[in-house]
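# Report on the structure
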Amino acid sequence: MSQTAIASGRAPVRFSARRFFLGQNLFTATVVGIIAGVVAYWIGAQLDQTDNGDAGILMGYIVGAAGFLITMGFANDPILRLRGRPSVSVVKVKDAETKGWTEFFGISLDHKVVGIQFAVAVIFMFFLAGFQAMMIRTDLLYPSGGPWPAGQYTALVGLHGLLMMFVATLILVGAFGNYFVPIMIGAKRMAFPRLESFAFWLVPLGAGILYSSLLFGFGGVFPTGWWLYAPLSVEARAGMDGAIVGFALIGIAASIAGINLLTTLFVMRAPGMTWSRLPIFAWSMIAVEFLSALAPPVLACLLMMVGLDRAVQSSFFEASAGGSAFLYQELFWFFGHPEVYIFIIPAFGVALEILPVFARKPLFGYRLAVAGMLGVSMMSWFVWNHHIFTSGIAPGLRPFFMTATELISIPTSVIFLNALGTIWKSDLRLKLPVLFVFAMLFNFLIGGLTGVFLSDVPLDVTLHDSFFVVGHFHYTIVGGEIFALYAASYFWFPKITGKMLNERIGKWHFWTSFIFFNTTFMPMFAAGYLDQVRRSPVYAQDLHGLNIWISINGFLFGLSNLIWLANMVYSWVFVKERAPVNPWESRSLEWQLPTPIPADNFDRIPTIVSGPYDYGDPLAPPVAEWPGGAPLPAPAPSF
Amino acid sequence: MSSGRKLAIVLGSFLIGAICLAAYVVIWLSYNPETITPPSSVNSSGQLTTHLEIATVGSIDFGVHPSWVAYLIRQHGKWVSSTVWELPAHSLIKVTLFEYDTQTGLRNPFMSMVRGTVGDDMTVNGKTVRYMNANYPAHTFSVPQMGINVPLEGIPQSTYPGTISGNPHGEHETITFSFRTYDPETVRWQCFVPCAAGYLFGNGGPMQTVGYMDGYLKIV
Amino acid sequence: MSHRRHLIIPALIWAVLAVVLDVLLVLVLHLPPGYATTTASDQTVTGQVFSIIGGDIFFAVVIFGLYFIMQFSRYPNRERVPGARNNLPVQATWLSASFVLVMFAAGFGVIELEGQTSPSLVVPASALASGAANHPLIVQVIAQQWQFTYRYPQYGGFETQQLRIPVDRLIQFDVTSLDVTHQFWAYQLGIKLDANSGVNNVGYAYVLKPTVIDVRCGELCGLWHGYMTDVGEQAGKALSTASFNSWLSYAESYYGPEESQLPKFSLTYFPQPLTY
């Protein structure tokens, strides 16, 4: 839909062939991107002085990506401004009914639309990467190699890992952060709506470029796993370039989303929304965005260096030509450790946001929770060498990083105190969102404690790069963040879609996912201790039974995710009954608005007069004062 | 949007998604390198012997990567591009290898020593050899899991390297050696001469692709 | 009604389970990597200590959490007064206890890491003392795509694909790579050292008893990463001194003629071709 149409608030028109084939839309952007990419590839190939053709491929990807984004329309406003014209005012479509489904396939300046775009795209990527995990576990049913020969196995591992990293980076921040943060703070929009949409469109672009490495054959898909370690990544075949460019684009998307959310949270809070009244989920967004804005640019530069090594034979990472393979590892993990905290901090925010609602009690230790999340965020910059203890780092660094890593578990442990304190003497209602929060806390406890094992250097000597690490990070990322995603989906689905997720299907989802998740990943600690190397399609014969158990339970865990998907689809399509506007009786601002939330969120910005966690107190004032009257009648409190 | 329309979209998406996933798996499975079983015979004392005829060429001249170095195996008189070979267990494997490629030299000169074959040696054009000048090998046939390493002497650099378009021809060295198989297992084999032009260390491309410079021995 | 029992009951349950777990971990569960070297022994003991601490913490949080969930969902508290938002003594206790536990774990690790009795990644004093008897046996581990080979510079510098080391002698592993990054993981020795090109990564082991040594590459290094192992027939071995000496004689004669072709012993190598 063109910017003019948005600005005038007109309803979308019927399909027009001229607009479809010549206008700025997803179809034309894809076509132009591919053509620009092919032309740039050809030019690069002519200029390439080496035998490997990477210069052309990299140029093709970069120019193709630029062509796609420009044709989508992201350059329109900057070009207008360069020409001295006023910017198109940021006016969203006024009437929710006139949005139409086409808005989800273009640039949208409505943060709620962008949130849904993120959610759908990233959940699709989650299922694709999860399917690949099933393929990996199929191979590991056989100790001496399964249906995929060695080269395909490492390709599968790399595709699964890298795509899941994309998912984990963006799912909570991109979907729920973008959708709810402006509403939670009483704002009508994000600080930079166009940038928000730009950050979204980098995601299918990055994932698409990543998967284009399959065009170079299965042996050509990148063989390095998601770390993309040089010099193997410099040595690899052409499919490596897709991984490099795709990962860099996703990093840039995360960085832009970070800057956007941070600015929104700092400058667009409603009157009265002091820092001590900010919802804990919003605080988690602040904590995470320091990482999200600052760490991915390191990755983008690092991948540019790998690209240069590949394309023009610079020698950043080749020791015999003056470079250092070790440099890659240091730079990568300087990004890589903050990256994993980008995954878990929003999950903390989701968990602590949901818990008080169902405990009908204020969040215990609100300030401590904030301090914990900010502490984790700050300290995560100082621990990265714990990923490379055995790489030959200077001996004096090991005690420092070991101690720093162990110290970071102190602010991390605060969330458990908050949770226990909140449910102590509470009026606890065991609904699905809070059940998933408890499951997330259980899983993250195991993940966190096994992280302490790995932080101890002597233990790390045996456990590094074994299946113990695989178990640890699946417990923290899947057990922590993805279970928080389940909780968030059950909690916020009624507000986004106007339907409740089915309770009975949800209970099946809960028990199957919790049980099979633990039965899949717990034995991996044993496998790692028993000498099973990660990223290897072969293992010792005596671990055969253990791997069969893990694989079968892994398949069942995969099925439990399909139950979740089925629940979302069933509830959206088949359920006629509209959800109550505030089924959980939450005090948070988004639940004080009707469903669907109006395009501008608030007709008039409310004034915040109390915090969102005053549950269980009959004398507590409402959260906000609404000029012109509250959007909804005040509910009879049932506590 | 009407509920019927939603249902249609959802079912349609699932159907398309399922088809795509199935196609995805089929494509992954379809790339399974062809397995060749060389001929075997049993001699009068009951010893099972398998005869393996292999050639190595500087460029294979057909297929997806015509310029890549490759191993080929003779089956029914024809040269086949396959590096996955099925061998019987508890057998003596007699290998005759025609080396059509030029000398490249080893990255690690340790690989210039013959190990793990019967007698720990091989013959090159009829002459028994145990150690070789580290600059002479064009390729190696190495099975680290069985302790086997055979450096394959290449033709001198000044000679035009052999190529095939279905048939190897030109100058070549004839190398023979034997090794034994034991219990059934699947082991991998590789070449230790980094000969992939255009890749760092010479170890990319064909050096890391089953069907060219790497393969499996399926001992059954 | 006092809510103190809601703290006492889970505490008692936890106490019982913690004792059971601790006994199991110390007496029943044999944690890897075992006791073949001083390093591996220390790692095994550290694993037990961390498992005890971690297990106790896990049970504490889970038992208290489950108890609170069951108690306050079945018998919800509907006092209709504002619930506690803070309890400074509780928060202070929690933070202090976590700090103490963490510093204990860190201190334990530092002492073990830097300790001279369990060398792994730090030069032990005995390696620096003068005298032939104190000199470690140097084994250079050369990683290449996709096999480990081993050089013995103190015995002419011959190279072999079999790892053999003697017991009762400090072994110094000098690990390097000829190409991409690999990782030398000698499981029973409790040794793991990355092989980076242009880097000499040093680790130590003191073997206490003869053992098989399963060597695996732990760092993704290309097509045959998973197969870059010395196990089974090709596994390394720690031998008695007499057996090691007899292996040395055999190896020097078997691999000796090859030595003239090998490059001069060096801590790192940059072989050609580089070839892009």
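What you see is a predicted model, and the numbers here were worked out from it, not measured in a lab. (Residues numbered from 1 in each chain as written. Chains lettered and ligands numbered in written order. Predicted model: local features only at pLDDT ≥ 70, side-chain atom pairs only at ≥ 80, totals over all residues.)

### Side note on the overall build of chain B
- For chain B, the helix and strand inventory stands at one helix and 16 strands.
- Scaling as 2.2 N^0.38, a compact globule of 220 residues should have a C-alpha radius of gyration of about 17 Å, whereas chain B reaches 22 Å, well beyond that.
- Oriented by its inertia axes, the alpha-carbon framework of chain B measures out at about 85 × 45 × 30 Å.
- Considering only residue pairs separated by 6 or more positions, chain B has 69% of its internal contacts joining residues 24 or more positions apart. (Helix = DSSP H or I, 4+ residues; strand = E, 2+ residues; numbered from the N terminus. Rg over C-alpha atoms; globule rule 2.2 N^0.38 Å. Contact = placed C-beta atoms within 7 Å.)

### Notes on the domain arrangement of chain B
- Here chain B is partitioned into domain 1 (1-31) and domain 2 (34-219).
- Measuring from the centre of the C-alpha atoms in domain 1 of chain B to the corresponding centre in domain 2 of chain B gives 45 Å. (Domains from an automatic or database assignment.)

### Some details on the sheet that holds strand 2 (residues 147-152) of chain C
All names here are of chain C.
- On the basis of which strands lie adjacent, the open sheet formed by five strands has the order 3-2-1-5-8 and mixed pairing. This sheet does not close on itself; its edge strands, each paired only once, are strand 3 (158-160) and strand 8 (201-206). Strand-to-strand twist in this sheet, taken as the mean axis angle between neighbours without regard to direction, amounts to 25°.
- Two strands pair when backbone bridges link them, and strand 2 and strand 3 are joined in this way by three bridges, in the antiparallel orientation. When the bridges of strand 3 are listed, Tyr-150 appears paired with Thr-160. (Pairing = 2+ DSSP bridges. Axes fitted to C-alpha atoms, helices over the stretch in contact; angles between N-to-C directions.)

### Section: the environment of Trp-424 of chain A
- The topology assignment puts Trp-424 of chain A in the loop between helix 15 (409-423) and helix 16 (432-455).
- Exposure remark for Trp-424 of chain A: the 23 C-beta atoms within 10 Å place this residue in the buried category. (Buried ≥ 20, exposed ≤ 12 C-beta atoms within 10 Å, placed from the backbone.)

### Re the interface of chain A and chain B
- Each side of the interface is counted separately: chain A has 25 residues, and chain B has 25 residues.
- The set of elements that each furnish at least two residues to the side of chain A that touches chain B consists of helix 7 (150-184), helix 9 (232-235) and helix 20 (544-573) of chain A.
- Of the residues assigned to the side of chain A that touches chain B, the class counts are 13 nonpolar, eight polar and four charged. (Nonpolar A, V, L, I, M, F, W, Y, C, P; charged D, E, K, R; others polar.)

### Some points on the interface of chain C and chain A
- Residue-level contacts link 75 residues of chain C with 77 residues of chain A.
- Mapped by element, the contributors of at least two residues to the side of chain C that touches chain A are helix 2 (38-74), helix 3 (88-114) and strand 7 (191-195) of chain C.
- It is helix 2 of chain C that provides the largest number of residues to the side of chain C that touches chain A, a total of 16 residues.
- Taken together, the residues of the side of chain C that touches chain A break down into 39 nonpolar, 25 polar and eleven charged.

### Let's talk about the sheet that holds strand 9 (residues 211-213) of chain C
All names here are of chain C.
- Judged by pairing direction, the sheet is mixed, and its three strands sit side by side in the order 4-12-9 without closing on themselves. For this open sheet the edge positions go to strand 4 (164-166) and strand 9, each flanked by a neighbour on one side alone. Each strand axis lies, on average, 25° off the axis of its neighbour in the sheet, ignoring direction.
- As paired elements, strand 4 and strand 12 (residues 236-239) share three bridges and run parallel to each other. Residue pairing across strands places Arg-164 opposite Lys-237, the latter belonging to strand 12.

### Topic: the packing of helix 2 of chain C against helix 3 of chain C
Residues and elements named next belong to chain C.
- Two elements in contact, helix 2 and helix 3, have axes separated by 12 Å at closest approach and are oriented at 180°. By the angle between their directions, the pair helix 2 and helix 3 is classed as roughly antiparallel. Across the interface between the two elements, Asp-42, Thr-46, Val-49, Phe-50 and Ile-53 from helix 2 touch Leu-101, Ala-105, Phe-108 and Glu-112 from helix 3.
- Across the contact of helix 2 with helix 3, the residue classes tally to six nonpolar, one polar and two charged. (Parallel < 35°, antiparallel > 145°, perpendicular 65-115°, else oblique.)

### Some words on the packing of helix 16 of chain A against helix 2 of chain C
- Where helix 16 of chain A meets helix 2 of chain C, the axes come as close as 10 Å, and the angle between the chain directions of the two elements is 170°. When the axis of helix 16 of chain A is compared with that of helix 2 of chain C, the two are roughly antiparallel. Contacts between helix 16 of chain A and helix 2 of chain C involve Phe-438, Phe-442, Leu-445, Ile-446, Leu-449, Val-452 and Phe-453 of chain A from the first element and Phe-50, Gly-54, Ile-57, Phe-58, Val-61, Val-62 and Ile-69 of chain C from the second.

### As for the nonpolar core
- Counting residues in each nonpolar core, the largest one holds 333 residues, and the members touching the most others are Leu-163, Val-167, Ala-351, Phe-436, Met-440 and Ala-487 of chain A together with Phe-184 of chain C.
- Discounting residues that sit within four places of it in the chain, Ala-351 of chain A has contacts with Ile-415, Val-437, Met-440, Leu-441, Ala-484 and Ala-487 of chain A. (Core = buried A, V, L, I, M, F, W, Y, C linked by C-beta atoms within 7 Å.)

### A short note on the domain arrangement of chain C
Residue and element names in this part refer to chain C.
- Looking at chain C, the domain boundaries give domain 1 (5-76 + 90-114) and domain 2 (125-261).
- Measuring from the centre of the C-alpha atoms in domain 1 to the corresponding centre in domain 2 gives 37 Å.
- Grouping the constituent residues of the side of domain 1 that touches domain 2 by class yields four nonpolar, five polar and no charged.

### Some words on the pairing of strand 12 of chain C
Residues and elements named next belong to chain C.
- Of the two faces of strand 12, the one lined by Gly-236 and Ala-238 is fully buried and the one lined by Lys-237 and Leu-239 carries no buried residue.
- Where strand 9 meets strand 12, three bridges bridge the pair, whose relative direction is antiparallel. Counted as the bridge partner of Thr-211 is Ala-238 from strand 12.

### Some thoughts on unusual backbone geometry
- A cis geometry characterises the amide bond from Ala-230 of chain A onward to Pro-231 of chain A, with omega recorded as 0°.
- Of note, Pro-231 of chain A is situated in the loop between helix 8 (193-211) and helix 9.
- Pro-596 of chain A follows Thr-595 of chain A through a cis peptide bond whose omega is 0°.
- Tracing the sequence through the fold places Pro-596 of chain A in the loop between helix 20 and strand 1 (607-608).
- Backbone geometry at Asp-61 of chain B places phi at a positive 70°, although glycine is not the residue there.
- Tracing the backbone shows Asp-61 of chain B in the loop between strand 3 (48-57) and strand 4 (70-75).
- A positive phi is found at Asn-125 of chain B, a non-glycine position, where the angle reads about 50°.

### As for the confidence of the model for chain C
- For chain C, the average pLDDT comes to 89, and 89% of its residues sit at 70 or higher.
- Our summary of model confidence lists the complex with pTM equal to 0.93 and ipTM equal to 0.93. (pLDDT = per-residue confidence, 0-100.)

### Here we look at the environment of Cys-221 of chain C
- Within the secondary structure, Cys-221 of chain C sits in the loop between strand 10 (215-217) and strand 11 (229-230).
- Sequence-wise, Cys-221 of chain C and Ser-41 of chain C are 180 residues apart; in three dimensions their C-alpha atoms are separated by 29 Å.

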